[in-house]
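# Remarks on the overall topology
What follows is the residue order along each chain.
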Amino acid sequence: MMKPAIQIQNLTKTFKHWANRPTSIKTLLIDALKGRFHLGEKHEFCVLKNINLEIHEGEFIGIMGGNGAGKSTLLKLISGIYTPSSGRVKVHAAIAPLIELGAGFQGDLSGYENIFLNAAILGFGRKATRDALPFILEFSELGEKIEMPIKHYSSGMLVRLGFSIAAHLDAPIMLCDEVLAVGDAGFQEKCLKKIKALHEEGRTIILITHGGEAVRSFCKRCIVISDQKVVFDGAVEEGVNTYMRIVKK
Amino acid sequence: MTFQELSRVLQPFGLDPFCVGKKFLIFNLVSKNLKVKYRKSALGALWTLLVPIAMALVYYFVFKVILKVQLPHYLAFIVTGIFIWNFVAMTLLEGMESIVGNWGLLSKVPIPTQIFPYVGALTNLVNLAISFPILIAVSLLSGVPLGPSLILIPFLFINLFLITYSLSLTFAIVFVYLRDLRHIMGIIIQLWFYATPVIYNESMIPPKYTWILYLNPYSALIISFHRILVDGKWPNPSEIITIAMWSFITFFFSLMIQKFLGQQLIEKI
């Protein structure tokens, strides 16, 4: 009996945008003097409508969809960056939101100091970070360069550090964007292998993907989002086909 | 009431102005700010002190030497006021832009928006605390009879922090909606400076207008700091009550702003 890790019930997310809203005190004053007071016209933009999903512990799920379909929005709703317009998101364990690697990285500080900063931003505590430290340092292959200010790092080095931190902090649920596994070919392979290993340890992994090798080799379940709904939820091969059909239309 | 007890009371209302449970993150962000400030240049650490000292010296020269203002221990008077006002002005201005300015991070990682004004106020408070010995030194050198009233300094600092943080959080939230506040705030802070008895003494104001002075949340605070660090005396109980009252008002106001304008800010930037 698989325990649910994330339960999404009747989730709807609508973004409100006020066109011609006064964005300055000057405009507000002018309006007030003229005796009218308006907040602009409301435009509503529904990204997700009545989504129902249950994700179980230990699953490895690939989320696919065209640009702007709502994949990132869904991840942000799960991780708590956005709040639902209606419906609920129930999360039963700690989440490592890896929507962007190296969030909060500060150029003037060394790689070492940034490990603590980034870990704290991702929601980890002092002890968890200290425990993970030797693994992070080893995996990043940065060696002595870890003491350098990261403004001197190449983009590849930044990715290696960012991914290293994300991969070794102990969170039962990981939300990632496939775009993360970058860097040179050698490191890409290392990243994907690490994600696979994390999954085998029992973590729940949700990966935003665009149908690459990663999905086919690792994911057991594929969810395709289109038109504010989940249009497919099942086996990977068919999911990828559905996705291809949608984007190529 | 400690900050912890206060936070527990606010929790059921969905308000978390002190970012409970985020100690490690707050510590890291404050250290990051301090490291960046102090490492950037050789004069980095000194600069935080040099600017207010230079300002104080200029005011001293203009008001004491040129205009021949007669106030005892004027150097200590000016230095105290300028250091405290510097904390206020910097926290309000930096704090106002701190939520919008960190939009990148806020849209990628789930952290409470109020953490940025909070960390900003804490960073500046640390800087003020570090420069506090200088205030004491200037007072002693000016011959101020510092006494047991110094024991009230922590109380004053706590209220200074509370009022300033509440205001900077309010501005930060309102700034999300009204961006031209950026241009206006500079002028407001300037005028506010003159509305606070920093370079002048409250006794220089005709008695029938003194109440106007107290419409400024910082007046009673600055006056109390002066009373302790420049006169070596105890502040008037009425000043203390005024300070506590302003702390309550500004804090409560910031809670209302948080509740009605400050929810789901990330979607509104």
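Residues numbered from 1 in each chain as written. Chains lettered and ligands numbered in written order. Predicted model: local features only at pLDDT ≥ 70, side-chain atom pairs only at ≥ 80, totals over all residues. Heavy atoms only, no water.

### Points about the overall build of chain B
If you tally the helices and strands in chain B, you get 11 helices and 0 strands. Relative to a compact globule of 269 residues, whose C-alpha radius of gyration would be 18 Å, chain B shows 19 Å and is just as compact. Overall, the C-alpha framework of chain B stretches about 55 × 45 × 35 Å when taken along its three principal axes. When the 269 residues of chain B are sorted by exposure, 53% land in the buried category. A fraction of 78% describes how many contacts in chain B between residues 6 or more apart in sequence connect residues 24 or more apart. Within the structure as shown, chain B displays about 12500 Å² of accessible surface, and the carbon and sulfur contribution to it stands at 73%. Averaging the coordinates of the 18 positive side-chain charges in chain B and doing the same for the 9 negative ones gives two points 7 Å apart. (Helix = DSSP H or I, 4+ residues; strand = E, 2+ residues; numbered from the N terminus. Rg over C-alpha atoms; globule rule 2.2 N^0.38 Å. Buried < 20%, exposed > 50% of the residue type's maximum accessible area, 1.4 Å probe, protein only. Contact = heavy atoms within 4.5 Å. Areas by Shrake-Rupley, 256 points an atom, 1.4 Å probe, with all protein chains shown as cover. Lys, Arg positive; Asp, Glu negative; His and termini not counted. Charge placed at Lys NZ, Arg CZ, Asp CG, Glu CD.)

### Things to note about the packing of aromatic side chains
Any aromatic ring pair is given by two values, namely how distant the centres are and how the planes are angled relative to each other. One pass over the full model with this rule turns up 25 aromatic pairs over all chains. Three or more aromatic residues joined by ring pairs make a cluster, and in this case those are Tyr59(B), Phe63(B), Trp85(B), Trp192(B), Phe193(B), Tyr194(B) and Tyr218(B). In this structure, Arg126(A) is placed above the aromatic ring of Phe27(B), and the distance from its NZ or CZ to the ring centre is 5.0 Å. Positioned above the aromatic ring of Phe175(B), the side-chain terminus of Arg179(B) is 5.7 Å from the ring centre. (Phe/Tyr/Trp six-rings, centres within 6.5 Å; stacked < 30°, edge-to-face > 60°. Lys NZ or Arg CZ within 6 Å of the ring centre and 35° of its normal.)

### Here we look at the confidence of the model for chain B
Here chain B averages 90 in pLDDT, while 97% of its residues score no lower than 70. Reported confidence for the predicted complex is 0.88 by ipTM and 0.91 by pTM. (pLDDT = per-residue confidence, 0-100.)

### Focus: unusual backbone geometry
Residues other than glycine seldom take positive phi values, yet Glu141(A) does so here, at roughly 55°. Locating Glu141(A) in the fold gives a position in the loop between helix 4 (126-140) and helix 5 (155-168). Relative accessible area serves as the criterion here: at 49%, Glu141(A) is assigned to the partly exposed category. The phi dihedral of Gln264(B) falls on the positive side, at around 50°, and the residue is not glycine. Checked against the element boundaries, Gln264(B) lands in the segment after helix 11 (237-260).

### Overview of the domain arrangement of chain A
Residues and elements named next belong to chain A. When the domains of chain A are assigned, the result is domain 1 (1-14 + 47-93 + 172-249) and domain 2 (102-171). If you average the C-alpha positions of domain 1 and of domain 2, the two centres end up 25 Å apart. Each partner contributes residues to the interface: domain 1 has 12 residues there, and domain 2 has 11 residues. In this assembly, domain 1 packs against domain 2 so that about 1100 Å² is buried in total across both faces, 68% of it on carbon and sulfur atoms. The largest per-residue losses of area from domain 1 upon contact with domain 2 belong to Phe 187, Lys 190 and Lys 194, which jointly make up 48% of the total buried on that side. At the surface where domain 1 touches domain 2, the tally comes to 2 salt bridges. The partner of Arg 203 in a salt bridge is Asp 170, and the shortest N-O contact between them spans 3.7 Å. Across the domain 1-domain 2 interface, the total number found is 6 residue pairs in polar contact (both at pLDDT 80 or more). Those elements giving two or more residues to the side of domain 1 that touches domain 2 turn out to be strand 6 (173-177) and helix 6 (185-200). At 6 residues, the largest contribution of residues to the side of domain 1 that touches domain 2 is made by helix 6. Looking at the side of domain 1 that touches domain 2 residue by residue, the class counts come to 9 nonpolar, no polar and 3 charged. (Domains from an automatic or database assignment. Buried area = accessible area lost by both parts, 1.4 Å probe. Salt bridge = Lys/Arg side-chain N within 4 Å of Asp/Glu carboxyl O. Polar contact = N/O pair within 3.5 Å; in protein donor to acceptor, adjacent residues only side chain to side chain. Nonpolar A, V, L, I, M, F, W, Y, C, P; charged D, E, K, R; others polar.)

### A look at the packing of helix 4 (residues 74-101) of chain B against helix 10 (residues 219-229) of chain B
All names here are of chain B. Taken N-terminus to C-terminus, the directions of helix 4 and helix 10 make an angle of 140°; their axes are 10 Å apart at the nearest point. Between helix 4 and helix 10, the angle falls in the class oblique. Considering the relative orientation of helix 4 and helix 10, their crossing is right-handed. Contacts from Phe 77, Thr 80, Gly 81 and Ile 84 of helix 4 reach helix 10 at Ile 222, Phe 225, His 226 and Leu 229. (Axes fitted to C-alpha atoms, helices over the stretch in contact; angles between N-to-C directions. Parallel < 35°, antiparallel > 145°, perpendicular 65-115°, else oblique. Left-handed = near helix turned anticlockwise from the far one by under 90°.)

### A closer look at the side chain of Thr164(B)
When you line up the elements, Thr164(B) lands in helix 7 (residues 153-177). Excluding residues that lie within four positions of it along the chain, Thr164(B) makes contacts with Phe87(B), Val88(B), Thr91(B), Leu92(B) and Tyr218(B).

### Details of a nonpolar patch on the surface
All names here are of chain B. On the surface, Met 245, Phe 248, Ile 249, Phe 252, Met 256, Phe 260 and Leu 261 cluster together into a nonpolar patch covering about 690 Å² of accessible area. Mapped onto the elements, Ile 249 comes out in helix 11. With a relative accessible area of 36%, Ile 249 lands in the partly exposed category. (Patch = residues over 30% accessible without salt bridge, like charges linked within 9 Å, V, L, I, M, F, W, Y side chains within 5 Å.)

### Some details on the confidence of the model for chain A
One rule of thumb: low pLDDT means the predicted coordinates there are not for detailed reading. In the predicted model, chain A carries a mean pLDDT of 87, and 97% of its residues have values of at least 70. Within chain A, helix 7 (residues 213-218) of chain A has the poorest average pLDDT of any element, 75, and helix 3 (residues 111-121) of chain A the best, 95.

### So, the pattern of salt bridges
Across all of its chains, the model carries 17 salt bridges over all chains by this definition. Here Lys42(A) and Glu44(A) are joined by a salt bridge, their closest N and O atoms 3.6 Å apart.

### Brief notes about the packing of helix 10 of chain B against helix 11 of chain B
Residues and elements named next belong to chain B. For the pair helix 10 and helix 11, the least separation of the axes is 9 Å and the interaxial angle reads 140°. On the basis of the axis angle, helix 10 is oblique to helix 11. The way helix 10 lies across helix 11 gives a crossing that is left-handed. Contacts between helix 10 and helix 11 involve Ala 220, Leu 221, Ile 223, Ser 224 and Arg 227 from the first element and Glu 239, Thr 242 and Ile 243 from the second.

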